[in-house]
Amino acid sequence: MRFIDYVNAVRKSWLLILVVAVVGAGVAYGLAKSATPTYQSSSKVYVGVTTGGTVDELVQGSTFTQNLVQSYAQIATMPVVLDPVIDRLGLDTDARELAKSVRADTPLNTVIIEIKVTDSDPRRAARIANAIAFQMPRTVDSLSAAQTSDKATVNVTTVSQALVPTYPISPNTRLQTAIGLALGLLAGVLLALARHLLDTRLRGVDDIAQLTDVPVLGMIPLWHGPESEKVSVLRRPRSPRSEAYRRLRSNLEFIKEGGATCIVVTSSLPGEGKSTTAANLAAAMGEDGSRVLLIDADLRRPTVADTTGLESALGLSTVLIGKAQLFGTVQRWGDTTVDVLTSGEIPPNPLQLIESRTMGTLLEHARAAYDFVVIDSPPLLSLVDAAVLARRTDGPIIVTANGLRPSRRAAQTPTPAEPVPEPSASETP
């Protein structure tokens, strides 16, 4: 795929991407609102020396304090500090569980310990932080071994009391909603690309070009009018759809030297417009006075008789079993120069009749008597009749409906041309 194909896939699925993004944001918002809020409160203690008169002693004391402050920060989360806090506040927990919600940080090049406590209750978080700050100097006093003039060498002092937090630190509703929106957009884009890559429907000439290198002869607009006017070349000769069939007729002249005089019209699946295309193409070929024979070789689901309004009792099957002659069975279609050989009665062995030597002889006689022979045949994927007929003619035209989900239809069938009905729906033959 080209880069522009990815862009088009995203552009075509913008609504899907938007819906997935909104759903992602909504889910994230709902999870954030349903989560238990967590509050954080912090207190600060200062660690310093209590003695030292000269500059050297103060410098040594400061260095000594900075060396100890990391150890004191670790003590803040140990049972030696937390057990007295639990007893004092009457908390229903133990030191191990309480330590999970306590963090002690020491800013770089300072002798300050910041004690942070997280809890679902903002008041309790503040009480625990203050209790730890209150307990720290007492624990440090009990652990200090050096005493000078009945005073501790290192003194821990609370310099900032913990306040009751007003806003929770988590969940961050805005951030989580934004993340959900971003993930939803990403998921929507991936879904749109996957949908495009897995979509086997043919939507235009570019899609056909990716499957096969055979030429595209024309693009036929879909017919939305009444069934009686489906043969637009006769019923609405000046319509754009009729002009599309005339362009198809003209393009057939370039298929082979001298033009294609005997062609098979087929499709990959039923309902793609092959029979309608065959009837309109035959009518377009007869507009300049050429002698044209339209044969209904779909001996399983014939429709040419209904399309042309002719009798179907005698037809191709009657000729192939030897009960009638070709030129005694064909019928003139209105005031055109087009003769029609309908299907006749549906036989029990249609493939055998199509493969028979009699069918080959019939086509030879038709080529000799008519300027053009157009054969409507069954779909390719389900039956082999069209492939058999294609070997006996100048080749098949494959009608491919825009927007259907066929399997790799034209990619595996050698064809000289493929008219594509537009827009994204098939014609009813």
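Everything below is about the structure printed above this text.
(A) Expanded view of the sheet that holds strand S8 (residues 262-267). Taken in spatial order, the 6 strands of this open sheet run S10-S11-S9-S12-S8-S13, and their pairing is mixed. Looking at the sheet topology across the chains shown, the edges are occupied by strand S10 (331-332) and strand S13 (396-399).

(B) Layout of helix H16 (residues 357-369). If you check H16, its first and last C-alpha atoms are 19 Å apart, about what 13 residues at 1.5 Å a residue would give, namely 18 Å. What H16 keeps buried is the set Met359, Gly360, Leu362, Leu363, Ala366 and Ala369.

(C) Summary view of the layout of surface pockets. Of the volumes computed, that of the second largest pocket is approximately 210 Å³. Around the second largest pocket, the lining comprises 13 residues; the ones closest to its centre are Pro270, Lys274, Asp298, Arg301 and Pro379. Grouping the constituent residues of the lining of the second largest pocket by class yields 5 nonpolar, 4 polar and 4 charged.

(D) Expanded view of the packing of helix H10 (residues 240-251) against helix H11 (residues 274-285). In contact at an axis separation of 9 Å, H10 and H11 are set at 75° when each is read in the N-to-C sense. Considering the angle they form, H10 stands roughly perpendicular to H11. Touching Arg241, Tyr245, Arg246, Leu248 and Arg249 of H10 are Thr276, Thr277, Asn280, Leu281, Ala284 and Met285, all from H11. Classifying every residue of the contact of H10 with H11 gives 5 nonpolar, 3 polar and 3 charged.

(E) Region of interest: the pattern of salt bridges. Applying the stated criterion to the full structure yields 14 salt bridges. Taking the shortest distance from any N to any O, the salt bridge between Arg103 and Asp105 comes out at 3.1 Å. A salt bridge links Asp119 to Arg124, with the nearest nitrogen and oxygen atoms 2.8 Å apart. Taking the relative accessible area as the measure of exposure, Asp119 reaches 15% and is therefore buried. Members of the salt-bridge network, linked through shared partners, are Glu243, Arg246, Arg249 and Glu287.

(F) Region of interest: the nonpolar core. Ranked by size, the top nonpolar core spans 32 residues in total, and within it Tyr72, Ile113, Ile115, Val117, Ile132 and Met136 carry the most contacts. Of the residues forming this core, the biggest block, 9 residues, is contributed by helix H6 (residues 122-143). Membership of the second largest hydrophobic core comes to 27 residues, among which are Val233, Ala279, Trp333 and Val399.

(G) Representation of the side chain of Ser268 in the model. Looking at the element boundaries, Ser268 is found in the loop between S8 and H11. By relative accessible area, Ser268 is classed as buried at 2%. Side-chain polar atoms of Ser268 contact the side chain of Glu272, separated by 2.7 Å.

(H) Representation of a nonpolar patch on the surface in the model. Taken together, Trp14, Leu15, Leu18, Val19, Val22, Val23, Val27 and Leu31 make up a surface patch of nonpolar side chains, about 770 Å² in accessible area. Residue classification places Val23 among the partly exposed positions, given a relative accessible area of 47%.

About the criteria used
Residues numbered from 1 in each chain as written. Predicted model: local features only at pLDDT ≥ 70, side-chain atom pairs only at ≥ 80, totals over all residues. Heavy atoms only, no water. Pairing = 2+ DSSP bridges. Helix = DSSP H or I, 4+ residues; strand = E, 2+ residues; numbered from the N terminus. Expected span 1.5 Å × (residues − 1). Buried < 20%, exposed > 50% of the residue type's maximum accessible area, 1.4 Å probe, protein only. 1 Å grid on protein atoms, 1.4 Å probe; cavity = no way out; pocket = protein on both sides within 12 Å on 5 of 7 lines; lining within 4 Å. Points joined across faces, edges and corners; volume = space filled by probe spheres on them. Nonpolar A, V, L, I, M, F, W, Y, C, P; charged D, E, K, R; others polar. Axes fitted to C-alpha atoms, helices over the stretch in contact; angles between N-to-C directions. Parallel < 35°, antiparallel > 145°, perpendicular 65-115°, else oblique. Contact = heavy atoms within 4.5 Å. Salt bridge = Lys/Arg side-chain N within 4 Å of Asp/Glu carboxyl O. Core = buried A, V, L, I, M, F, W, Y, C linked by side-chain atoms within 4.5 Å. Polar contact = N/O pair within 3.5 Å; in protein donor to acceptor, adjacent residues only side chain to side chain. Patch = residues over 30% accessible without salt bridge, like charges linked within 9 Å, V, L, I, M, F, W, Y side chains within 5 Å. Areas by Shrake-Rupley, 256 points an atom, 1.4 Å probe, with all protein chains shown as cover.

These values are about where atoms sit, not about what they do.
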